[in-house]
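Observations on the three-dimensional arrangement
The chain contents come next:
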Amino acid sequence: MQTIYQIDKKDFGYSVAIDELYSLIGNPCFNSFNSASYPFISEGSVDIYKYDTVTVDGFVYDRTIKRTAYEQFILYTEDNTFTSSLTSPYSQSAGSHDLNTESNTSPSASADFLLADAENIRVFESDFGRSLDMWGNLAVIGSTKVVYSLLHIEDVIRTEEGVVEIHDVSQTDSLVYAIYPKYVHDVSSSFDTGSNSFGWSVSINENFVAVGSPYTNTSGSVFIFKSGSAGYQLHSRLTPDEPNTLLYGSCLKLDKKFDRLVVGNGNVTSTGSKVYLYEYITSSNSWVKSNTFSSDREVENLNFISLP
């Protein structure tokens with residue numbers, strides 16, 4: 001009996017982004033994966049709409065993209081336990097790969113290994129499209145979680161952190177670059193990128209990509225990647241400089257014309273909720289906080305007339 005898989009888009013419109021020629025609509029999935037019902041795929045996706053310059057009908061549906069980037073090779077031992085990943089930090093090319101040219105790790109000859117590339121991965125759940133932003137034809141898409149199995153060992157279900165992908169939506173093979181949270185390293189210290197947190201919020205401009213991870217090290221962090229000839233490389237990690245800050249980086253946005261960044265936190269208390277403005281200083285090649293915004297107004301409640 002053939003298993004039928006379905007795509008669920010009930011989170012259509014959770015995130016959106018727009019530029020001159022393209023508009024993006026995110027369809028992440030926030031279902032808790034249930035192995036008993038895994039024939040029904042709840043995989044996140046992003047719908048691309050393109051402006052119709054011929055008939056001037058506005059934005060019309062162009063195509064849908066799903067998570068494209070996976071680590072090039074995933075290596076498992078005979079008992080299906082994770083051993084190591086044969087991949088280069090940060091970058092990822094779509095499609096299949098030759099093990100002889102891509103491997104940078106030599107498995108032990110005494111162990112029986114199972115090897116899978118992206119074509120052998122079956123995704124059951126992802127929140128691809130949780131966060132979106134655009135600059136020109138470039139789109140940055142955040143995903144914090146993926147649940148999957150390998151086709152040849154389908155009975156073993158795995159959950160891993162997601163990925164932040166940069167796409168050129170004007171191209172059919174749109175993936176430009178992928179950033180994996182496990183390869184984000186601070187040169188001065190190690191830290192936890194947060195359980196399913198990296199990619200919670202994203203933004204892009206000409207020079208930088210900013211990624212929010214509000215559960216990193218309890219208070220949250222923002223990771224900034226700078227564009228260059230080698231792709232997007234980690235440039236800075238911003239953290240709150242005030243005590244008792246929570247969910248820092250839950251929302252953020254890069255200025256499209258200037259290298260400025262605004263970062264918010266999601267603290268539920270009025271005293272803890274603040275917004276921070278940063279500016280990139282070229283001379284020092286660093287991001288500096290230039291302002292802090294906090295609510296100093298009393299919220300006026302609406303008065304309702306009681307009805308008989």
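Let us look at the structure shown here. Just so you know, these numbers come straight off a predicted model, no measurement behind them. (Residues numbered from 1 in each chain as written. Predicted model: local features only at pLDDT ≥ 70, side-chain atom pairs only at ≥ 80, totals over all residues. Heavy atoms only, no water.)

1. A look at the nonpolar core
Grouped together as the largest cluster of nonpolar side chains are 15 residues, with contacts concentrated most on Ile166, Ile179, Phe198, Phe225 and Tyr232. Secondary structure elements with two or more residues in this core: strand E12 (138–150), strand E13 (153–168), strand E14 (175–179), strand E15 (201–204), strand E16 (208–213) and strand E17 (221–228). Contact partners of Tyr232, with chain neighbours within four places excluded, come to Leu138, Ile166, Tyr177, Ile179, Ile204, Val209, Phe225, Lys226 and Ser227. In this structure, Leu238, Tyr248, Val263 and Tyr276 belong to the second largest nonpolar core, which totals 14 residues. (Core = buried A, V, L, I, M, F, W, Y, C linked by side-chain atoms within 4.5 Å. Buried < 20%, exposed > 50% of the residue type's maximum accessible area, 1.4 Å probe, protein only. Helix = DSSP H or I, 4+ residues; strand = E, 2+ residues; numbered from the N terminus. Contact = heavy atoms within 4.5 Å.)

2. Some details on the sheet that holds strand E21 (residues 274–281)
Strands sit in the order E19-E20-E21-E22 across an open sheet of 4 strands; the sheet is antiparallel. Strands at the two margins of the open sheet, each flanked by one partner only, are strand E19 (248–254) and strand E22 (286–294). Pairwise comparison of adjacent strand axes, ignoring direction, gives a mean angle of 25° for this sheet. As judged from the 5 bridges shared by E19 and strand E20 (residues 260–265), these two strands associate in the antiparallel manner. Looking across to E20, one finds that Leu254 is bridged to Leu261. (Pairing = 2+ DSSP bridges. Axes fitted to C-alpha atoms, helices over the stretch in contact; angles between N-to-C directions.)

3. As for the pattern of salt bridges
Going through the model one piece at a time under the given rule, you end up with 9 salt bridges. Glu125 is paired through a salt bridge with Lys145; the nearest N and O atoms lie 3.5 Å apart. Residue Glu125 is located in strand E10 (residues 121–126), and its partner Lys145 is located in strand E12; the two are separated by 20 residues in the primary sequence. With a relative accessible area of 3%, Glu125 lands in the buried category. (Salt bridge = Lys/Arg side-chain N within 4 Å of Asp/Glu carboxyl O.)

4. Remarks on the packing of aromatic side chains
Enumeration according to the criterion identifies 11 aromatic pairs in this entry. Between Trp200 and Tyr215, the ring centres sit 5.6 Å apart and the planes meet at 70°, which makes this aromatic pair edge-to-face. On the criterion of sequence distance, the pair formed by Trp200 in the loop between E14 and E15 and Tyr215 in the loop between E16 and E17 is long-range, its members being 15 residues apart. Among the residues examined, Trp200 registers a relative accessible area of 27% and is labelled partly exposed. Three or more aromatic residues joined by ring pairs form one cluster here, namely Phe198, Phe223 and Phe225. Across from the ring centre of Trp200, 4.1 Å away, lies the NZ or CZ of Arg130, which sits over that ring. (Phe/Tyr/Trp six-rings, centres within 6.5 Å; stacked < 30°, edge-to-face > 60°. Lys NZ or Arg CZ within 6 Å of the ring centre and 35° of its normal.)

5. Remarks on the sheet that holds strand E3 (residues 22–27)
On the basis of which strands lie adjacent, the open sheet formed by 4 strands has the order E2-E3-E5-E6 and antiparallel pairing. A single partner strand is all that each edge strand has here, and the edge strands are strand E2 (15–18) and strand E6 (58–66). Averaged over all pairs of adjacent strands, the angle between their axes in this sheet comes to 20°, without regard to strand direction. One ladder, built from 4 bridges, connects E2 with E3; its direction is antiparallel. In the sheet register, Val16 faces E3, and the bridge partner there is Ile25.

6. Observations concerning the pairing of strand E18 (residues 231–238)
Across 7 bridges, the pairing between E17 and E18 is antiparallel. Residue pairing in the sheet places Lys226 in a bridge with Gln233 of E18. Linkage of E17 to E18, two consecutive antiparallel strands, is achieved through a turn of 2 residues.

7. Some remarks on the environment of Tyr22
Take Tyr22: it is sitting in strand E3. Taking relative accessible area as the criterion, Tyr22 reaches 5% and is therefore assigned buried. Separated by 115 residues in the primary sequence, Tyr22 and Asn137 place their C-alpha atoms 7.3 Å from one another. Here Tyr22 is in contact with Ala17, Ile48, Tyr49, Lys50, Phe59, Met134, Asn137, Val169 and Ser170, once residues within four sequence places are set aside.

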